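# Architecture and fold: a report
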Amino acid sequence: MLARIGSNAARCALRPTMVAARSAPAAMQRRGMAEEPKAAGGAIPAKLTLNLLAPHAAIFSKKLVDQVIVPGADGMFGILPGHVPTISELRPGTVEVTIATGEVEKYFVSSGFAFAHADSTLDVCAIECVKFEDLDPALVSSGKKEAEDELSRATDEVEKAKAQIAVEVYTAMTESLAAAK
């Protein structure tokens, strides 16, 4: 692998990782299936503990819920109590929180990460998070049009990247609103 890396700086940057990997116990170096999650006392809790966080507020803090469905980078997936530990990048989309049977709250997230822990705690850290019913379809439609116009007018790479991200987020909002009808 190092032969493919051209610069000494790149090799030096990798050195701490390589040293840590070489000195890690054999169990950590093996790849395999995740072990069954274990909660305190060995039993899987009946509820999932949810922390739904955005830079401006903690939407949920230690909220006990039945299930959460998140828009992972590779597609939508659900997290139940006892889920194997997982880290997933979030794409723009809907986070669906089932608090109890028949009681569902939906939030739109622009991006972020979801961390499922072995103790049946889920941390969803979103860059932007809006309660679904607070989305105004008319504003979403006009925002998407503006973002598409900005993308067509963009001249440098930074402007293009910012406009492309805005188009992707507004498109995901539009699709989420359409799916909710």
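Conventions adopted
- Residues numbered from 1 in each chain as written.
- Predicted model: local features only at pLDDT ≥ 70, side-chain atom pairs only at ≥ 80, totals over all residues.
- Heavy atoms only, no water.
- Helix = DSSP H or I, 4+ residues; strand = E, 2+ residues; numbered from the N terminus.
- Buried < 20%, exposed > 50% of the residue type's maximum accessible area, 1.4 Å probe, protein only.
- Contact = heavy atoms within 4.5 Å.
- Phe/Tyr/Trp six-rings, centres within 6.5 Å; stacked < 30°, edge-to-face > 60°.
- Salt bridge = Lys/Arg side-chain N within 4 Å of Asp/Glu carboxyl O.
- Core = buried A, V, L, I, M, F, W, Y, C linked by side-chain atoms within 4.5 Å.
- Axes fitted to C-alpha atoms, helices over the stretch in contact; angles between N-to-C directions.
- Parallel < 35°, antiparallel > 145°, perpendicular 65-115°, else oblique.
- Left-handed = near helix turned anticlockwise from the far one by under 90°.
- Nonpolar A, V, L, I, M, F, W, Y, C, P; charged D, E, K, R; others polar.

### Topic: the overall build of the chain
On a plain count of helices and strands, the chain comes out with four helices and ten strands. In the chain, which comprises 181 residues, the share counted as buried stands at 30%. Partitioning the intrachain contacts of the chain with sequence separation of at least 6 by distance along the chain shows that 50% fall at a separation of at least 24.

### Quick look at the packing of aromatic side chains
Considering all chains together, one arrives at two aromatic pairs under this definition. Taking the centre distance of 5.8 Å and the plane angle of 80 degrees together, the rings of Phe 60 and Tyr 107 count as edge-to-face. Taken together, the residues span a long stretch of sequence, with Phe 60 in strand 2 (residues 57–65) and Tyr 107 in strand 7 (residues 103–109) at a distance of 47 residues. As far as burial versus exposure is concerned, Phe 60 and Tyr 107 are alike and both buried.

### Considering the pattern of salt bridges
Summed over the entire model, instances satisfying the criterion amount to five salt bridges. Linking Lys 47 and Asp 66 is a salt bridge whose minimum nitrogen-to-oxygen distance equals 2.7 Å. Taken together, the residues Lys 47 in the loop between helix 2 (26–29) and strand 1 (48–54) and Asp 66 in the loop between strand 2 and strand 3 (67–72) connect sequence positions 19 residues apart. Looking at Lys 47, the relative accessible area reads 30%, which means it is partly exposed. Its relative accessible area of 21% is what places Asp 66 among the partly exposed residues. Linking Lys 160 and Glu 157 is a salt bridge whose minimum nitrogen-to-oxygen distance equals 3.9 Å. Here Lys 160 and its partner Glu 157 are both found in helix 4 (residues 157–180), three residues apart, which amounts to about one turn of the helix. Accessibility expressed as a relative area gives 34% for Lys 160, which makes it partly exposed.

### Things to note about the nonpolar core
Formed by 21 residues in total, the largest nonpolar core has its most connected members in Leu 50, Val 68, Val 97, Leu 122 and Val 124. Listing elements by their share of this core, those giving two or more residues are strand 1, strand 2, strand 3, strand 6 (93–100), strand 7, strand 8 (112–116) and strand 9 (121–126). Examining the composition of this core, we find that four residues originate from one element, strand 1, more than from any other. Once residues within four sequence positions are removed from consideration, Val 97 is found in contact with Leu 50, Phe 60, Val 65, Gln 67, Val 68, Glu 103, Val 104, Glu 105 and Tyr 107.

### Considering the packing of helix 3 (residues 137–153) against helix 4
In contact at an axis separation of 8 Å, helix 3 and helix 4 are set at 150 degrees when each is read in the N-to-C sense. It follows from the interaxial angle that helix 3 and helix 4 lie roughly antiparallel. Crossing of helix 3 over helix 4 shows left-handed handedness. Two secondary-structure elements touch here, helix 3 through Pro 137, Leu 139, Val 140, Gly 143, Lys 144, Ala 147, Glu 148, Glu 150 and Leu 151 and helix 4 through Lys 160, Ala 163, Gln 164, Ala 166, Val 167, Tyr 170, Thr 171, Met 173, Thr 174 and Leu 177. Its residues assigned to classes, the contact of helix 3 with helix 4 shows eleven nonpolar, four polar and four charged.

### Describing unusual backbone geometry
One non-glycine residue, Lys 62, lies in the positive phi region at around 55 degrees. Residue classification places Lys 62 among the exposed positions, given a relative accessible area of 65%. Residues other than glycine seldom take positive phi values, yet Ser 120 does so here, at roughly 65 degrees. Position of Ser 120 relative to the elements: it lies in the loop between strand 8 and strand 9. The class of Ser 120 is buried, set by a relative accessible area of 3%.

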